[in-house]
Amino acid sequence: MQLGMIGLGRMGANMVRRLMRGGHECVVWDMSPENITKLAGEGAVGADTLDDLIAKLNAPRAVWIMVPAGPATEKTVDDLRARLDSGDIIIDGGNSYFKDDVRRAHALKEKGINYVDVGTSGGVWGLERGYCMMIGGPKDAARHLDPVFKTLAPGRGEIPRTPGREKIQGTVEDGYLYCGPSGAGHFVKMVHNGIEYGLMQAYAEGFDIFRNANSKELPEDIRYDLNVADIAEVWRRGSVVASWLLDLTAIALVGDPELANYSGFVQDSGEGRWTIQAAIEEAVPAEVLSAALYARFRSRQEHTFAEKILSAMRKQFGGHLEPRNKDQ
């Protein structure tokens, strides 16, 4: 299948590579000519401008946007709306707010353009592991894009089937799900990221307790000098708290047990805040997720080992770098 890709950053470029490995033709464009040239050298069709990208796509065109949520995505959607035709598809694979998806879908529908929102999880590891995708928008448009989703997804791999799913049809075991109409994909991804905040915070606080188990404030006979890297590693093997986030924590700790290269300044990318807003609108208690978000706010004022753990995990799964100082 042919697909246009706008945005060739950490995730966008690797998604193109995975698609090309699966036999798809990718027409690519980015604000950076160097990024275009690099992928063109690997087999993609480079476009000099947005108009050139559209001209190189066959109707009905499918254009995937992989740029930062907010103004960059808004401008890209507006630019495409002015250039695409009825029956074409815009896919937003970033972390847009689901209510923005609904608004954009209504505006694009007036011109007959389909808008598909795809919450995409996988980070910098997605090229090899695949991407978990949560899809919203017109069902027919999502069905048309199924070959793309199937290639990007992890596939069934070696994960054991959940008992009781043997007779249930669908794509969820391959790693992608059609969630519902416009906004549904990003809504599910938003809550996914809110949960991610809570999981990360739980690990971070636990390892901070280990880090301080030899505090001079404790009686000498219950002080423990614990190897946090070894604890992370042993938990990966048979423990009920084993997870990919723990795997990434183990990677970070074995290379730098003190996390000396991290300040503990932890950003939030918006989905955590939106998850709490949704909980408020639905009158759903979300104590853990709220506390995890506030812990990130606190990290910008004072830093503990817990914040360094959080920062290390963010770098491992998404390549997120700390700002040089808290004013950046």
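Shown above is the structure to which this text applies.
This is a predicted model, so every value here is computed, not measured.

Caption draft 1: Focus on the overall build of the chain. Along the chain, the regular secondary structure elements total 14 helices and eight strands. Against the 2.2 N^0.38 benchmark of 20 Å for 328 residues, the chain shows a C-alpha radius of gyration of 22 Å, consistent with a compact globule. For the C-alpha atoms alone, the extent of the chain along its principal axes is close to 75 × 50 × 40 Å. Within the chain, contacts between residues at least 6 apart in sequence are counted, and of these 68% link residues at least 24 apart.

Caption draft 2: Expanded view of the pattern of salt bridges. Evaluated as defined, the whole model comprises 25 salt bridges. With its nearest N and O atoms 2.8 Å apart, the salt bridge here joins R236 to E233. Under the relative-accessibility criterion, R236 is labelled partly exposed at 33%. Between R236 and D247 there is a salt bridge whose closest N-O contact spans 2.8 Å. Residue R236 is found in the loop between α10 (228-235) and α11 (244-255), and its partner D247 is found in helix α11; the two are separated by eleven residues along the sequence. Connected via shared salt-bridge partners are E74, D92, D100, R103 and R104.

Caption draft 3: Spotlight on the sheet that holds strand β8 (residues 176-180). Sheet architecture is open: eight strands sit in the order β3-β2-β1-β4-β5-β6-β7-β8, paired in mixed fashion. Only two strands of the sheet have a single neighbouring strand rather than two, namely β3 (45-46) and β8. Of the strand pairs in this sheet, strand β2 (residues 25-29) and β3 are connected by two bridges, and their pairing is parallel. Looking at β3, one finds that V27 is bridged to V45. Packed onto the sheet, helix α4 (residues 71-81) meets β1 (2-6), β4 (62-65), β5 (89-92) and β6 (114-121) and runs at close to 165° relative to β4.

Caption draft 4: Region of interest: the environment of R10. Relative to the helices and strands, R10 resides in helix α1 (residues 10-21). Taking relative accessible area as the criterion, R10 reaches 47% and is therefore assigned partly exposed. Residues R10 and G126 lie 116 residues apart in sequence; the distance between their C-alpha atoms is 9.8 Å. In this view, R10 contacts V124, G318, G319 and H320; residues no more than four positions away in its chain are not counted. At a separation of 2.8 Å, a polar atom in the side chain of R10 contacts the main-chain carbonyl oxygen of G318.

Caption draft 5: Seen up close, a nonpolar patch on the surface. On the surface, I222, Y224 and L226 cluster together into a nonpolar patch covering about 270 Å² of accessible area. Secondary-structure assignment places Y224 in the loop between α9 (184-211) and α10.

Thresholds applied
- Residues numbered from 1 in each chain as written.
- Predicted model: local features only at pLDDT ≥ 70, side-chain atom pairs only at ≥ 80, totals over all residues.
- Heavy atoms only, no water.
- Helix = DSSP H or I, 4+ residues; strand = E, 2+ residues; numbered from the N terminus.
- Rg over C-alpha atoms; globule rule 2.2 N^0.38 Å.
- Contact = heavy atoms within 4.5 Å.
- Salt bridge = Lys/Arg side-chain N within 4 Å of Asp/Glu carboxyl O.
- Buried < 20%, exposed > 50% of the residue type's maximum accessible area, 1.4 Å probe, protein only.
- Pairing = 2+ DSSP bridges.
- Axes fitted to C-alpha atoms, helices over the stretch in contact; angles between N-to-C directions.
- Polar contact = N/O pair within 3.5 Å; in protein donor to acceptor, adjacent residues only side chain to side chain.
- Patch = residues over 30% accessible without salt bridge, like charges linked within 9 Å, V, L, I, M, F, W, Y side chains within 5 Å.
- Areas by Shrake-Rupley, 256 points an atom, 1.4 Å probe, with all protein chains shown as cover.

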